[in-house]
Amino acid sequence: MKSGFFRKSIRSKSILNLLYAPALILFCIFIFYPFIKGIDISFTNWDGYSQEYKRIGLSNYKRMFTDPDIIKVMKNTIIYGMGSTIFQNVIGLAYALFLNQSIRTRGIARTVIYLPVIISPLIMGYIWYFFFQFQGGAINDVLLLFQDQPVHLLGDPNINVWIITFVNTYQYLGIAMVLFLAGLQTIPKDYYEAATIDGAGAFARFAHVTWPLLAPSLTISIVLNLIGGLKLFDIITAMTNSGPGYASASLSTLMYQLYFGRQDAGYAASIGNLMFVMISVVSLTTLFYLRRREVTS
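What you see is a predicted model; the values in this text were computed from it and never measured. Within each chain, residue numbers correspond to sequence positions counted from 1 in written order. Side-chain atom pairs in this predicted model are given and counted only at pLDDT of 80 or more, local residue features only at pLDDT of at least 70, and totals for whole chains, interfaces and linings cover all residues. To obtain the side-chain values, all non-hydrogen atoms of the structure were included, while hydrogens and water were left out.

Caption draft 1: Structural context of the packing of helix α11 (residues 202-213) against helix α12 (residues 215-230). An axis is simply a line fitted to the C-alpha atoms; with a helix, the fit covers only the stretch in contact. Between two such axes, the angle follows the N-to-C directions and lies from 0 to 180 degrees. Helix numbering and strand numbering both begin at the N terminus, where a helix is a DSSP run of H or I of at least 4 residues and a strand a DSSP run of E of at least 2. Look at α11 against α12: their axes get within 4 Å of each other, and the N-to-C directions meet at 50°. Classified by the angle their axes make, α11 and α12 are oblique. Each of Trp 211, Pro 212 and Leu 213 in α11 lies in contact with α12, whose residues at this interface are Ala 215, Pro 216 and Leu 218. Across the contact of α11 with α12, the residue classes tally to 6 nonpolar, no polar and no charged. Each angle gets one of four labels, with under 35 degrees taken as roughly parallel, over 145 as roughly antiparallel, 65 to 115 as roughly perpendicular, and the rest as oblique. A contact between two residues is defined here by any heavy atoms of the two lying within 4.5 Å. Think of it as three bins: nonpolar holds Ala, Val, Leu, Ile, Met, Phe, Trp, Tyr, Cys and Pro, charged holds Asp, Glu, Lys and Arg, and polar takes everything else, Gly as well.

Structure representation (structure tokens):
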């Protein structure tokens with residue numbers, strides 16, 4: 001009698017809804033409350049440490065939209081996001097198409113390509129820093145065989161942003177490859193056989209069979225890579241520390257330096273809110289557009 005009542009209680013919607021409570025409590029404590037607190041701090045002149053501060057209204061936001069460094073930093077952030085997304089998906093798709101073939105060592109190749117993903121981004125940044133550094137860097141050691149002076153690659157504002165984009169692409173293209181491989185393996189072989197019988201060549205089979213049916217994998221890969229690139233932090237900190245000046249900074253590294261370097265927590269919070277809005281708008285717009293493509297393709 002009691003066991004039957006217990007089973008019936010567990011299956012009731014009111015009891016099942018209680019199972020969400022721990023997750024909701026953790027969400028509110030570690031995500032929702034800090035988010036609301038960050039918005040509140042952005043309207044103050046808090047230095048991040050003092051017990052006293054005052055509300056200054058929209059001053060931080062007015063300052064943000066007149067700050068000459070913001071334009072440069074936003075441009076860098078877009079390059080990190082868009083550049084990494086394009087390169088990761090193009091190269092990842094190429095790897096997936098190649099490694100989806102019957103190749104003897106494809107398992108080893110997949111492992112090698114995916115291996116950088118499991119390495120800490122900070123460690124990855126330091127590894128590549130020793131390749132590109134001015135004194136004693138591996139690339140400059142090679143260049144010195146052909147010229148007299150080393151090249152300050154990480155100190156050049158026209159180059160360092162693209163070097164960081166390359167490193168981020170190298171580390172995370174394995175994710176795109178795995179997503180595309182998963183998508184390729186769900187495509188029935190009958191479609192390719194039918195297309196071949198109809199006289200379709202390799203390019204036609206890719207354009208009319210592979211590409212449309214890879215739409216779900218493409219959506220996931222683009223959105224994930226876009227979000228990761230727009231909030232890039234670790235690799236920038238390890239390789240250039242946003243320098244020289246803010247030449248290679250992203251919104252996340254600028255926010256960090258404002259808070260801990262200049263003790264300007266209120267302004268840093270406004271930068272964080274800008275980054276949240278920017279990532280949300282870009283990622284959601286991209287997601288809705290690609291979802292519509294899945295339906296029409």
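Caption draft 2: Summary view of the pattern of salt bridges. Each salt bridge in this description consists of a side-chain nitrogen of Lys or Arg and a carboxyl oxygen of Asp or Glu lying within 4 Å of one another. Counted under the stated rule, the structure contains 2 salt bridges. Across the pair Asp 40 and Arg 55 runs a salt bridge, and its minimum N-O distance is 2.8 Å. Of this pair, Asp 40 sits in helix α3 (residues 21-41) while Arg 55 is found in the loop between α3 and α4 (59-66), placing the two residues 15 residues apart along the sequence. Relative accessibility under 20% of the residue-type maximum defines a buried residue, over 50% an exposed one, and the middle range a partly exposed one, all with a 1.4 Å probe and only protein chains included. Of the residues examined, Arg 55 reaches a relative accessible area of 54% and is grouped as exposed. Between Asp 264 and Arg 63 there is a salt bridge; the shortest N-O distance is 2.7 Å. Placement of the pair is Asp 264 in the loop between α14 (251-261) and α15 (265-296) and Arg 63 in helix α4, with a sequence separation of 201 residues.

Caption draft 3: Structural detail: the nonpolar core. Residues Met 64, Ile 70, Leu 251, Leu 254 and Ile 271 are the most contacted members of the largest nonpolar core, which totals 18 residues. Elements supplying a minimum of two residues to this core: α4, α5 (68-99), α12, α14 and α15. No other element matches α15, which puts 7 residues into this core. Excluding its chain neighbours within four sequence positions, the residues that come into contact with Met 64 are Ile 70, Tyr 267, Ser 270, Ile 271 and Leu 274. Here, the term nonpolar core denotes a set of buried Ala, Val, Leu, Ile, Met, Phe, Trp, Tyr and Cys residues that are joined through side-chain atoms within 4.5 Å. Core analysis: the second largest hydrophobic core is formed by 17 residues, Leu 99, Phe 180, Ile 187 and Val 209 among them.

Caption draft 4: Highlighting the packing of α5 against α12. Closest axis-to-axis distance for the α5/α12 pair is 8 Å, and the angle between their directions is 145°. At the point where α5 passes α12, the crossing takes the right-handed sense. Listed contacts from α12 to Thr 77, Ile 78, Tyr 80, Gly 81, Met 82, Thr 85, Gln 88 and Asn 89 of α5 are Leu 218, Ser 221, Ile 222, Asn 225, Leu 226, Gly 229 and Leu 230. Partitioned by chemical class, the residues of the contact of α5 with α12 number 7 nonpolar, 8 polar and no charged. Each crossing gets its handedness from the near helix: less than a right angle anticlockwise from the far helix is left-handed, clockwise is right-handed.

Caption draft 5: Highlighting the packing of aromatic side chains. Note on aromatic contacts: the rings of Phe and Tyr and the six-membered ring of Trp form a pair at centre separations within 6.5 Å, being stacked when their planes are under 30 degrees apart, edge-to-face when over 60 apart, and tilted otherwise. Tallying each qualifying case throughout the model produces 13 aromatic pairs. Summarising the aromatic geometry, the rings of Trp 128 and Tyr 170 are spaced 5.4 Å apart at their centres and angled 75° between planes, so their arrangement reads as edge-to-face. Placement of the pair is Trp 128 in helix α7 (residues 121-132) and Tyr 170 in helix α9 (residues 160-184), with a sequence separation of 42 residues. With a relative accessible area of 36%, Tyr 170 lands in the partly exposed category. Centre to centre, the rings of Phe 206 and Trp 211 are 6.1 Å apart; their planes meet at 40°, and the pair counts as tilted. Members of the aromatic cluster, connected to one another through ring pairs, are Trp 46, Tyr 53, Phe 233, Tyr 256, Tyr 259 and Phe 260. Here the basic side chain of Arg 63 rests over the ring of Tyr 267, its NZ or CZ set 3.8 Å away from the ring centre. In our convention, an over-ring charge means Lys NZ or Arg CZ found within 6 Å of a ring centre and within 35 degrees of that ring's normal.

Caption draft 6: Here's a closer look at unusual backbone geometry. The residue after Gly 243, namely Pro 244, is reached through a cis peptide bond having omega -5°. Along the chain, the position of Pro 244 falls in the loop between α13 (234-239) and α14. The backbone of Ser 242 shows a phi angle near 75°, a positive value even though the residue is not glycine. On the secondary structure map, Ser 242 appears in the loop between α13 and α14. Not every positive phi belongs to a glycine, and Gln 263 is a case in point at roughly 50°. Tracing the backbone through its elements, the reader meets Gln 263 in the loop between α14 and α15. Looking at Gln 263, the relative accessible area reads 42%, which means it is partly exposed.

Caption draft 7: Inspection of the side chain of Ser 248 at higher detail. Following the sequence through the fold, Ser 248 ends up in the loop between α13 and α14. Look past the residues within four positions of Ser 248 in its chain and what remains in contact with it is Asn 76, Tyr 80, Asn 160, Val 161, Ile 164, Ile 236, Thr 240, Ser 242 and Gly 243.

Caption draft 8: Up close: a nonpolar patch on the surface. A surface patch of nonpolar side chains, about 1,100 Å² in accessible area, is lined by Ile 25, Leu 26, Phe 27, Ile 29, Phe 30, Ile 31, Phe 32, Phe 35, Ile 36, Phe 276, Val 277 and Val 281. Take the nonpolar patch: its biggest share by element is 9 residues, from α3. Along the chain, Phe 32 turns up in helix α3. Taking the relative accessible area as the measure of exposure, Phe 32 reaches 44% and is therefore partly exposed. Think of a patch as exposed residues, more than 30% relative accessible area, with no salt bridge, where like charges cluster within 9 Å and nonpolar side chains (Val, Leu, Ile, Met, Phe, Trp, Tyr) cluster within 5 Å. Only the protein chains shown count as cover for residues, and all accessible areas are computed by the Shrake-Rupley method using a 1.4 Å probe.

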